[in-house]
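Single-letter residue listing:
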Amino acid sequence: MMADFDYLFFIEVLVGGLLSGVMYSLVAIGFVLIYKTSGVLNFAQGAMLLFAALTFVSLVERGVPFALAFAITFAAMVAIGIAIERTVLRPLTNKPPITLFMATLGLSYILEGAAQLIWGTQVHGLDLGIEDLPLEIGGVFISQFDIFAAAVAAGMVLLLSLFFRYTRIGLSFRAVADDQFAALAVGLRLPLIWTTVWAAAGLVALVAGLLWGARLGVQFSLSLVVLKALPVLVLGGFDSILGAIVGGLLIGASEKLAEVYIGGYFGGGIETWFAYVVALAFLLIRPAGLFGQKLVERV
Amino acid sequence: MTIISKFKAVALSAALSLSVALPAAYADEQYFPLQSYRVGPYAAGGTGFFGGFIDYLNLINTRDGGVNGVKLTWSEGETQYEVEKGVEVYERLKSNPGVAAWNPLSVGIAYAMIDRITQDKVPLITINHGRTDSTDGRVFPYVFPLLLNPYSETSGIVNYIASKEGGLEGLKGKKIVVLYHGSPYGKETIPIYELLAQKYGFELQQIEVPHPGNEQQSQWLTIRRAKPDFVVLRGWGVMNPVALKTAAKVGFPVDHIVGNVWSNSEEDVIPAGDAAKGYTAITTQASGAEYPVVKEIVKTVYDAGKGNLEDKKRIGSVYHNLGIVNGILNVEAIRIAQEKFGKRTLTGDEVRWGFEHLKLDPAKVEALGAKGLFHSINVSWDNHEGEGYVTFQQWDGAKWNVVSDWIAPDWALLRPIIEKSSEAYAAEKGIKLRTAEDADAVSTN
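An unreviewed UniProt entry annotates chain B as ABC transporter substrate-binding protein of Mesorhizobium zhangyense. In its Sequence similarities (unreviewed entry) section, UniProt records this for chain B: "Belongs to the leucine-binding protein family."

**Q** What exactly am I supposed to notice about the packing of aromatic side chains here?
**A** Within a pair of aromatic rings, the relevant descriptors are the distance that separates the centres and the angle that separates the planes. Inspection of the entire model under this criterion finds 31 aromatic pairs over all chains. An angle of 75° between the planes, with centres 5.6 Å apart, marks the rings of B:Tyr389 and B:Trp411 as edge-to-face. Taken as a pair, B:Tyr389 in the loop between strand 11 (377-378) and strand 12 (391-395) and B:Trp411 in helix 15 (residues 411-429) lie far apart in primary sequence, 22 residues in all. Among the aromatic residues, those joined into a ring-pair cluster are B:Phe32, B:Tyr37, B:Tyr42, B:Phe49, B:Phe50, B:Phe53, B:Tyr81, B:Trp236, B:Trp262 and B:Tyr319. Across from the ring centre of A:Trp212, 5.5 Å away, lies the NZ or CZ of A:Arg215, which sits over that ring. Positioned over the ring face of B:Tyr111 is B:Arg131, at 5.6 Å from the centre of the ring.

**Q** How should the pairing of strand 9 (residues 280-283) of chain B be read in this particular structure?
**A** Two faces make up the sheet, and in a regular strand the side chains alternate between them. All names here are of chain B. Neither face of strand 9 is exposed, since Thr280 and Ile282 on one face and Ala281 and Thr283 on the opposite face are all buried. Two strands pair when backbone bridges link them, and strand 8 (residues 257-259) and strand 9 are joined in this way by two bridges, in the parallel orientation. Of the residues in strand 9, the one forming a bridge with Gly259 is Ala281. Here four bridges tie strand 9 to strand 12, and the two strands are oriented antiparallel to one another. Among the inter-strand pairings, Thr280 is bridged to a residue of strand 12, identified as Gln394.

**Q** Is there a simple way to think about the domain arrangement of chain B in this case?
**A** Quoted interface sizes are often the accessible area lost when the parts come together. Residues and elements named next belong to chain B. When cut into domains, chain B gives domain 1 (26-148 + 288-390 + 419-439) and domain 2 (151-283). Summed over both sides, the interface of domain 1 with domain 2 buries roughly 1,500 Å², with 62% coming from carbon and sulfur. At the boundary of domain 1 and domain 2, one finds one salt bridge. The partner of Glu267 in a salt bridge is Arg314, with the nearest N and O atoms 3.4 Å apart. For the interface between domain 1 and domain 2, the tally reads five residue pairs in polar contact (both at pLDDT 80 or more). Broken down by element, the side of domain 1 that touches domain 2 gets its largest block of residues, three residues, from helix 12 (residues 318-341). In terms of residue class, the side of domain 1 that touches domain 2 is made up of twelve nonpolar, five polar and three charged.

**Q** Just to check I follow, could you spell out the sheet that holds strand 13 (residues 400-402) of chain B for this structure?
**A** Pairing between sheet strands relies on hydrogen bonds along the backbone, with the strands arranged either parallel or antiparallel. Residues and elements named next belong to chain B. Taken in spatial order, the seven strands line up as 6-5-7-8-9-12-13 in an open sheet, and their pairing is mixed. On the outer flanks of this sheet lie strand 6 (203-209) and strand 13, each paired with one strand and no other. Neighbour to neighbour, the strand axes of the sheet diverge by 25° on average, direction disregarded. The sheet contact formed by strand 5 (residues 175-181) and strand 7 (residues 230-234) spans five bridges and is parallel.

**Q** Got a minute to help me understand the UniProt feature "domain: Leucine-binding protein" (unreviewed entry) in chain B in this structure?
**A** Within this numbering scheme, the UniProt entry marks residues 38-397 of chain B as carrying the feature "domain: Leucine-binding protein" (unreviewed entry). When the span residues 38-397 of chain B is considered, its composition is 42% helix and 13% strand, and the gap between its end C-alpha atoms is 26 Å.

**Q** I keep staring at the packing of helix 1 (residues 7-38) of chain A against helix 8 (residues 190-216) of chain A and nothing clicks. Help me out?
**A** The packing of two helices is summarised by the inter-axis angle and the distance between the axes. All names here are of chain A. Running from amino to carboxyl end, helix 1 crosses helix 8 at an angle of 165°, the nearest separation of the two axes being 9 Å. Between helix 1 and helix 8, the interaxial angle falls into the category roughly antiparallel. Seen along the crossing, helix 1 lies across helix 8 with a hand that is left-handed. Of helix 8, the residues touching helix 1 (which contributes Ser20, Met23, Tyr24, Leu26, Val27, Ile29, Gly30, Leu33, Ile34, Thr37 and Ser38) are Trp194, Val197, Trp198, Ala200, Ala201, Val204, Ala208, Leu211, Trp212 and Arg215.

**Q** What is the right way to look at the side chain of B:Gln217 in this model?
**A** Among the secondary structure elements, B:Gln217 is positioned in helix 8 (residues 217-226). By relative accessible area, B:Gln217 is classed as buried at 8%. With residues up to four places along the chain from it excluded, the contact list for B:Gln217 reads A:Gly16, A:Ser20, A:Asp146, A:Lys256, B:Thr246 and B:Lys249.

**Q** Just checking my understanding: could you explain the environment of B:Gly98 for this structure?
**A** All names here are of chain B. Positionally, Gly98 belongs in the loop between helix 3 (83-93) and helix 4 (107-120). As for Gly98 and Gly108, which are separated by ten residues in sequence, their C-alpha atoms are 25 Å apart. When residues no more than four places from it in sequence are discounted, the contact partners of Gly98 are Gln30, Tyr31 and Thr345.

**Q** Any chance you could explain empty space enclosed by the protein here in plain terms?
**A** Once rolled over the atoms, a probe with the size of a water molecule shows which space is left empty. Applying the stated rule across the entire model yields six cavities of 30 Å³ or more. What the largest cavity holds in volume is close to 230 Å³. In terms of lining, the largest cavity is formed by 22 residues, of which the most central are A:Val123, A:Gln219, B:Pro41, B:Tyr42 and B:Ala44. For the lining of the largest cavity, the secondary structure elements donating two or more residues are helix 2 (45-61) of chain A together with helix 2 (43-64) and helix 10 (266-269) of chain B. Considering each element in turn, the lining of the largest cavity owes the most residues, three residues, to helix 2 of chain B. Composition of the lining of the largest cavity by domain shows at least three residues from each of domain 1 (26-148 + 288-390 + 419-439) and domain 2 (151-283) of chain B.

**Q** Please explain the interface of chain B and chain A as it appears in this structure.
**A** Contacts between the two partners involve 37 residues from chain B and, on the opposite side, 42 residues from chain A. At the boundary of chain B with chain A, total buried surface from both sides reaches about 3,200 Å², with 57% on carbon and sulfur atoms. Between chain B and chain A we count four salt bridges in total. Among the ionic pairs, A:Arg215 bridges to B:Glu215, the shortest N-O distance being 2.4 Å. Remark: the boundary between chain B and chain A carries ten residue pairs in polar contact (both at pLDDT 80 or more). Contributing elements (two or more residues each) for the side of chain B that touches chain A: helix 1 (3-18), helix 2, helix 8 and helix 9 (239-250) of chain B. The dominant element in the side of chain B that touches chain A, judged by the number of residues it contributes, is helix 8 of chain B, at seven residues. Looking at the side of chain B that touches chain A residue by residue, the class counts come to 18 nonpolar, nine polar and ten charged.

Rules used throughout
Residues numbered from 1 in each chain as written. Chains lettered and ligands numbered in written order. Predicted model: local features only at pLDDT ≥ 70, side-chain atom pairs only at ≥ 80, totals over all residues. Heavy atoms only, no water. UniProt positions renumbered as here; feature names shortened; annotations may be inferred. Phe/Tyr/Trp six-rings, centres within 6.5 Å; stacked < 30°, edge-to-face > 60°. Helix = DSSP H or I, 4+ residues; strand = E, 2+ residues; numbered from the N terminus. Lys NZ or Arg CZ within 6 Å of the ring centre and 35° of its normal. Buried < 20%, exposed > 50% of the residue type's maximum accessible area, 1.4 Å probe, protein only. Pairing = 2+ DSSP bridges. Domains from an automatic or database assignment. Buried area = accessible area lost by both parts, 1.4 Å probe. Salt bridge = Lys/Arg side-chain N within 4 Å of Asp/Glu carboxyl O. Polar contact = N/O pair within 3.5 Å; in protein donor to acceptor, adjacent residues only side chain to side chain. Nonpolar A, V, L, I, M, F, W, Y, C, P; charged D, E, K, R; others polar. Axes fitted to C-alpha atoms, helices over the stretch in contact; angles between N-to-C directions. Parallel < 35°, antiparallel > 145°, perpendicular 65-115°, else oblique. Left-handed = near helix turned anticlockwise from the far one by under 90°. Contact = heavy atoms within 4.5 Å. 1 Å grid on protein atoms, 1.4 Å probe; cavity = no way out; pocket = protein on both sides within 12 Å on 5 of 7 lines; lining within 4 Å. Points joined across faces, edges and corners; volume = space filled by probe spheres on them.

So, in structure tokens, the structure goes:
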């Protein structure tokens, strides 16, 4: 009966889903950055997120001020980016993407192990000073924290877009993404570009790690949030920041609506696999994702 | 602890896990193979539990010279809570002499070991967890879900909620939502909640959270719309703090959420911050370091630099105390078995006999320095749970405080359901039901 339909509740689920989707997008953007410049799906993004959040919270717990802890953690992520470029990417230049993917898989285990070795296995709370209590807007309850996270994500997307479009190094990224050989031929320094892009992915991991860490607590499970980003990437395209945002919104909204309105018919708990159903359905229609670059090859 | 010393600790742990040079089992040694998990997603629980267990074994060796002169030994194999690694560690450690019992603290690993340990005739301890029907010793001679099986836990929680509503009669017409982890562990109690809802007349809604549970917005919006009187949180790992935070986010009162036995630790509430203040959870063992046995561990083990926990602040935490209680139960089972079979290294089957006669009344528990830490246990050859009592603790933002008396689950109601399930398992596997005489026949090799 449509008359019985609770529209306010529907809107609440929808808005909640969209805001959750923004959180997925934040993780997905880290993947996109690496993929755009090297064509590699960086499976270590989740581990980077864990490493960044654990480093930050451990410093704060030792009395380091928030801003300084942020700066030190960012420096650590840059150092990791440089180390990865030197020890993993450079020796594997021009190797098939699957080799690089396997390398990032190995990296994720190394980073997870290193994070626990250095900072221990304890679970930490992380308070960013933002209330996570419901805010009532027109009869709909919306989380203040989710609104803050959405604003941070929007700011980050804006910054990255400007960076890619208007800075020299940003343009170099795009050139490398288009054709590594051609970029090398015209004198672009691939190692510098890769180091920079891994540092940028480190910054995204740090920001996403703090926001997810404030939600879940800083613990090993943070590295599992990559699972939330994968359907977003399939849907939005692996090489599009805009795709990561739109994909995140679509996945977040559809999985929440599905869980609430049709989950009961399947015994509940469907949102995880439903996100992949949505992503795969899009994949059948647009194999490169909504905003991914179509691969054109001469034969 | 410095990074270097941590590295040494991890290297030592790795070396132990690979070691073949385990202490030789003399006539006066009893060995515990430990499938521990000190890294990976559940390391916080693993380090607490195995830390407490080892601390107690250390106390017995240091203070008493072992159990009646029989020294307790152990070695660890890292499982990261993964079933295949747990089985690998089992295969590696099972042939060491003098194995007393297995204590994996993992439902998955325990399930994978049931047939193996039954063949080996060595007890498998699944304190507070495991399959409910393994309570029936007629069908599962070597499995011991000590203190609390999932059905007793359910009954204890419902009885506690009833106490808040003026007794079992007060449950009539109330609404309870069970938010459970989407895993075999989470689903184990679905039928018993349905049965209790029918019996006591409360309305029930059971909602699944997909693993790992780091997103629960839709579940909690559904809960808010259902307007339940209580929510039971049957969570695990990250699902627990996320549940508490999301409850706050949708405005559900935290003091109307009751956690189960795997949603009751510091690790479950600290990440939730203020959202966890006022949250209540069931437990079989109280937390805190004020109990004489914990104080003795501090004095004898930690002050001598032999403590297992890296961070002394975790002494007396929920998992640490669970490990200590687990140590008490293992050691006392050996002691009881020694009274019958002699003060020497026992076979696994002799230790099984000891567990089947493990009766610690409140006076004995007090004599062991554990008054208030846990209530009592009364294991028999056909009841491998041992009628553990439960209590409830509330988080105040810094520590857990006990807020109830010791509560007895409704064992009489549960026993026929357990027997029905275990008998079906026996029929499926072609297992002949054991008798009291069978239980008394003990293998000495």
